[in-house]
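Residues per chain are reported as follows:
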Amino acid sequence: MQPTNQPADAGGARAAGAARSGTGAGTHAGTATARPARPAEAAAEQSSALVLHVNGTAYELTLDHRTTVLDVLREHLGLTGAKKGCDHGQCGACTVLVEGRRANSCLMLAVAQDGRHITTIEGLADGERLHPLQEAFVERDALQCGYCTPGQICSAVGVLQEAADGFPSHVTPADAPQGGPVQLTVEEIRERMSGNLCRCGAYPRIVEAVHDVSTDQGVAS
Amino acid sequence: MSPRTFPLGPPPYPLGEPLVRREGREKVTGAARYAAEHTPPNCAYGWPVAAGIPRGRVAAVDTAEALALPGVITVLTHENAPRLAAAEDPTLSLLQEDRVPHRGWYVALAVADTIETARAAAEAVRVTYETDDDADVLLRADHPRMYEPEKVNGGYPGTRERGDFEGAFAAAPVTVDATYHVPPLHNHPMEPHASTAHWSEGHLTVHDSSQGATKVCEDLAALFKLDTSEITVVSEHVGGGFGSKGTPRPQVVLAVMAARHTGRPVKVSVPRREMPAVVGHRAPTIQRVRLGAGNDGVITALSHEIATHTSTVTEFVEQAAVPARVMYASPNSRTVHRVVPLDVPTPSWMRAPGECPGMYALESAMDELAVQLGMDPIELRMRNEPDTEPDSDRAFSSRHLVGALRDGAERFRWLPRDPRPGVRREGDLLLGTGVAASTYPVLIAASAAEAHADRDGTFRIRVNATDIGTGARTVLAQIAAGALMAPEDRVRIEIGNSDLPPAMLAGGSAGIGSWGWVVHKACTALRARLRDHVGPLPADGLTVAADTRQETSERSPYARHSFGATFAEVQVDTVTGEIRVRRLMGVFAAGRILNPRTARSQFIGGMTMGLGMALTEDSEVDPEFGGFAGCDLAGYHVPACADAPRIEAYWVEEEDPHLNPMGSKGIGEIGIVGTAAAVTNAVWHATGVRLRDIPLTPDKVLPHL
Ligand code: FES
Ligand code: FES
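Reading guide: rules and limits
- Residues numbered from 1 in each chain as written.
- Chains lettered and ligands numbered in written order.
- Predicted model: local features only at pLDDT ≥ 70, side-chain atom pairs only at ≥ 80, totals over all residues.
- Heavy atoms only, no water.
- Pairing = 2+ DSSP bridges.
- Helix = DSSP H or I, 4+ residues; strand = E, 2+ residues; numbered from the N terminus.
- Axes fitted to C-alpha atoms, helices over the stretch in contact; angles between N-to-C directions.
- Contact = heavy atoms within 4.5 Å.
- Domains from an automatic or database assignment.
- Buried area = accessible area lost by both parts, 1.4 Å probe.
- Core = buried A, V, L, I, M, F, W, Y, C linked by side-chain atoms within 4.5 Å.
- Buried < 20%, exposed > 50% of the residue type's maximum accessible area, 1.4 Å probe, protein only.
- Salt bridge = Lys/Arg side-chain N within 4 Å of Asp/Glu carboxyl O.
- Nonpolar A, V, L, I, M, F, W, Y, C, P; charged D, E, K, R; others polar.
- Polar contact = N/O pair within 3.5 Å; in protein donor to acceptor, adjacent residues only side chain to side chain.

Visitor: Describe the sheet that holds strand β20 (residues 448-453) of chain B, listing the residues and the values that go with them.
Guide: All names here are of chain B. Read from one edge of the open sheet, 4 strands run β22-β21-β20-β23, paired in mixed fashion. Edge positions in the sheet fall to β22 (491-494) and β23 (542-547), since each has one partner strand and no second. Across the sheet, the mean angle from the axis of one strand to that of its neighbour is 15°, orientation sign disregarded. Across 6 bridges, the pairing between β20 and β23 is antiparallel. In the strand pairing of β23, Ala449 is matched with Ala546.

Here it is, written out as structure tokens:
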């Protein structure tokens, strides 16, 4: 089976394209700057101006240095798709894609991400057309309460790309060819998706959904 | 009514069809908003301060440092917090007095402009305590303060006796006498408990992560001395609960207090690691099971004795001996609960309270009895099928445990099975299979609903049901469409808001039975009205209201329970002690299955949680410091994707006319019930070692291999 070269962060690519094509919504002032001001000096010491590109839109923000990417998304930009399950890197509910790679946004200080491109669950669909993983999750009923779901889906986008790029996992056979794409078996999917907890126990269906899409994209076996 | 003015639409009616979850699209696109995801303008953030002592009182709270931080609005403590009316649930009497009943009890709330500042302020609050040295936190079966409660959770009697257990046990040729330990367990829904409270023009709106907004609204009204008409509680999307959001939890009281005190909207989320101490947990149980049987396997004596803890705040008794009153015929039986109030967080409901831990012990003991008898464990269960519910002598409305066992045995390829333990090797691995039965009662509570027909041929159903991930929204639409004989896509469902007709909370697997019944009733009445209606509908359509107070007030003459059989195959690594489940299968007899797609997810989800209970989920009260030692998702291991093997759920066809118009039993909890015992019985079959202290983590297993 020949893997395709389709970028896993297709959503991010699309969103960036949208910004380039000049929807007129290229730059938004974040709500952070409009928040109740604290004494100017303290604010200057404790906050910084930065730009985050989220789902193809550039946001100019002045942010408290303690603010995580997750809290920027949820509390400042109104993008509440990324969830806060633990705030400590233990559950994966906050998973987003940073420059196309999955990351726990609760563990990233926004000030350290100046200029980066972030794709959240809100940026995956193409208008009304769902991302294939979103479709597969609905069809397979790979969700119940839905709270882990955005993180699962963003994580799965990352998994497909990592497999295509040849990243091995704990269960990848030691004799697998180096550098080539990794075949996403059910075991590979289970292993690679284990950073995203689901207390509702949707795992078997999540594995099926990811497998469906990876099969369609030619990176499964 | 003429079909032209009001087309009802053709069959087929969608009850029993695997419809896709209605809110699926919102959930996979991130559009579904949960309680903490509503940020009214000028919203402030509350961050709680948890007590750092095992027991005592707050001597002083120094808030100066916290208040000096830029952006801090206030710090609420027992000295300045709004006074509350006496609470029906004393765990909600927050910041009212200086007493600290256990570690983790909330003693203050910092409120600030931003989440970062609120958190820093909470850390800057200096609390001085007077600590009691003699905090008592350890559960022992022989604890001197143990007592037998009159009632246990669910309202069941604490103790039941039939015949002469001691005499029959002494006379039985084959006996089992074993004690099983279940640790405290934590619900840990993925969405932490959160509330956003907002006063506007004298009206309080609260977005709360709750399994039942009606109850939250009623309790807030009582606590804050308001009328329920002055409060709207919204729980539209809820990120799981598993019992821990059944009734209001501290965050909603704190959020409303802070909003009232500051005059601003306030959002409060319980930090993950503080959840075990304030949202309830499954109480640990020490369970002694004694079975006496004839050589034919027929049980003549059955005793199940529970020792458990509650807190000093309120009495909650995990009803773990109750399923032994339902499962097997025995002329001589004794089921007893004993409880001791300790200086521990208050236990509460966790998925299948009572049945889940109780059936772990009972079904383990049944396996031990089968081994003693040299009998297949399925055969043993069949030999002890009762004709009526043993405890009450009521006829079962339906009972297909045998059908589930048979069906499962076939699907799982249970036979041929070499009963000898420790003989199936694959390299370093030992393999084994196990089975256990499950049960869960059918509970139904009064609810109200409205069904509305619009002029354009669409319908609107209003009922304060809650969809915590069960698929309730979808299944209610199916029930409504069936009763209206209308296509499902013409039915709109409004749930998750206390302004809607009040309804049972999402708990006790009673949701669909309770809500579905009243929705069916309202829709049936509406359909009759439409049939009789002449001419076009009035401009504002037609509305019918219904409630099921009368139907649900009558006690059923039948014993009504779901049953099931769970099968597991495990591998035990003799080098590392690691146990992995290879296959898990459940077959359930739970009445009519209304939506196979969402039902399967419910069953599998319950089984996955049971797998965690068997192998990974462990908690303990710290003997020195009180509180739970492993509080967060790093210290308390809920199953991850790689832990979950092939998990399959099936059901047997079950017609039961004694339930509700849909013929459905609840399905949210039974999946967890038999799983732990099926897995641990399989571990015995793999290794020949009987471990009675779950979870079976490698450190416990390895010394025996
Ligand atoms: S919220 Fe980031 S990993 Fe849990
Ligand atoms: S769907 Fe509820 S936690 Fe995964």
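Resuming the write-up.
Visitor: Tell me what's going on with the sheet that holds strand β13 (residues 231-234) of chain B, and back it up with residues and numbers.
Guide: All names here are of chain B. Here 7 strands make up an open sheet; going across it, the order is β3-β5-β1-β14-β11-β12-β13 and the pairing mixed. On the outer flanks of this sheet lie β3 (72-77) and β13, each paired with one strand and no other. Pairwise comparison of adjacent strand axes, ignoring direction, gives a mean angle of 20° for this sheet. In terms of strand pairing, strand β1 (residues 44-50) meets strand β14 (residues 266-269) through 3 bridges, oriented parallel. The residue bridging Gly46 from the neighbouring strand is Val268, located in β14. On the sheet, helix α5 (residues 213-223) packs against β12 (203-208) and β13 and is oriented at approximately 145° with respect to β13.

Visitor: Could you give an account of the domain arrangement of chain A, with specific residues and numbers?
Guide: All names here are of chain A. The domain architecture assigned to chain A consists of domain 1 (20-123) and domain 2 (132-216). Facing the 16 residues of domain 1 at the interface are 18 residues of domain 2. Carbon and sulfur atoms make up 54% of the surface buried where domain 1 meets domain 2, a total of about 1400 Å² over both sides. Among the residues of domain 1 in contact with domain 2, Arg101, Arg102 and Ile121 are the three that bury the most area, contributing 47% of the side total.

Visitor: Would you mind going over the nonpolar core in detail, with residue names and values included?
Guide: Judged by nonpolar contacts, the single largest core of 135 residues is most densely connected at Leu133, Phe137 and Ile206 of chain A together with Leu369, Val570 and Phe603 of chain B. The greatest single-element share of this core, amounting to 10 residues, is contributed by helix α8 (residues 355-373) of chain B. Residues within four places of Leu369 of chain B in sequence aside, it is in contact with Val174, Val176, Leu291, Ala293, Ile299 and Leu380 of chain B. Among the nonpolar cores identified, the runner-up in size contains 39 residues, and Ala465, Ile468, Cys523 and Ala546 of chain B belong to it.

Visitor: I'd love a proper account of the domain arrangement of chain B, names of residues and values included.
Guide: Residue and element names in this part refer to chain B. Along its sequence, chain B is organised into domain 1 (24-32 + 447-547) and domain 2 (354-443 + 555-705). Between domain 1 and domain 2, the C-alpha centre-to-centre distance is 35 Å. If you look at the interface, domain 1 gives 17 residues, while domain 2 gives 15 residues. Among the residues domain 1 hides against domain 2, the three largest losses belong to Gly508, Ser509 and Trp517. Together they make up 41% of the total. Counting across the domain 1 and domain 2 interface gives 0 salt bridges. Elements with a contribution of two residues or more to the side of domain 1 that touches domain 2: α11 (472-484) and α12 (511-532). Ranked by the residues each element gives to the side of domain 1 that touches domain 2, the list is headed by α12, at 6 residues. Here the side of domain 1 that touches domain 2 is composed, by residue class, of 5 nonpolar, 12 polar and no charged.

Visitor: Help me get a handle on the side chain of Glu617 of chain B, residues and values and all.
Guide: When you line up the elements, Glu617 of chain B lands in the loop between α14 (596-615) and β26 (646-651). Among the polar contacts listed, one links the side chain of Glu617 of chain B to the side chain of Arg199 of chain A, at a separation of 2.7 Å. With residues near it in sequence (within four places) discarded, Glu617 of chain B still touches Arg199 of chain A together with Pro183, Leu185, His186, Met350, Met609, Gly612, Tyr636, His637, Val638, Pro639 and Pro695 of chain B.

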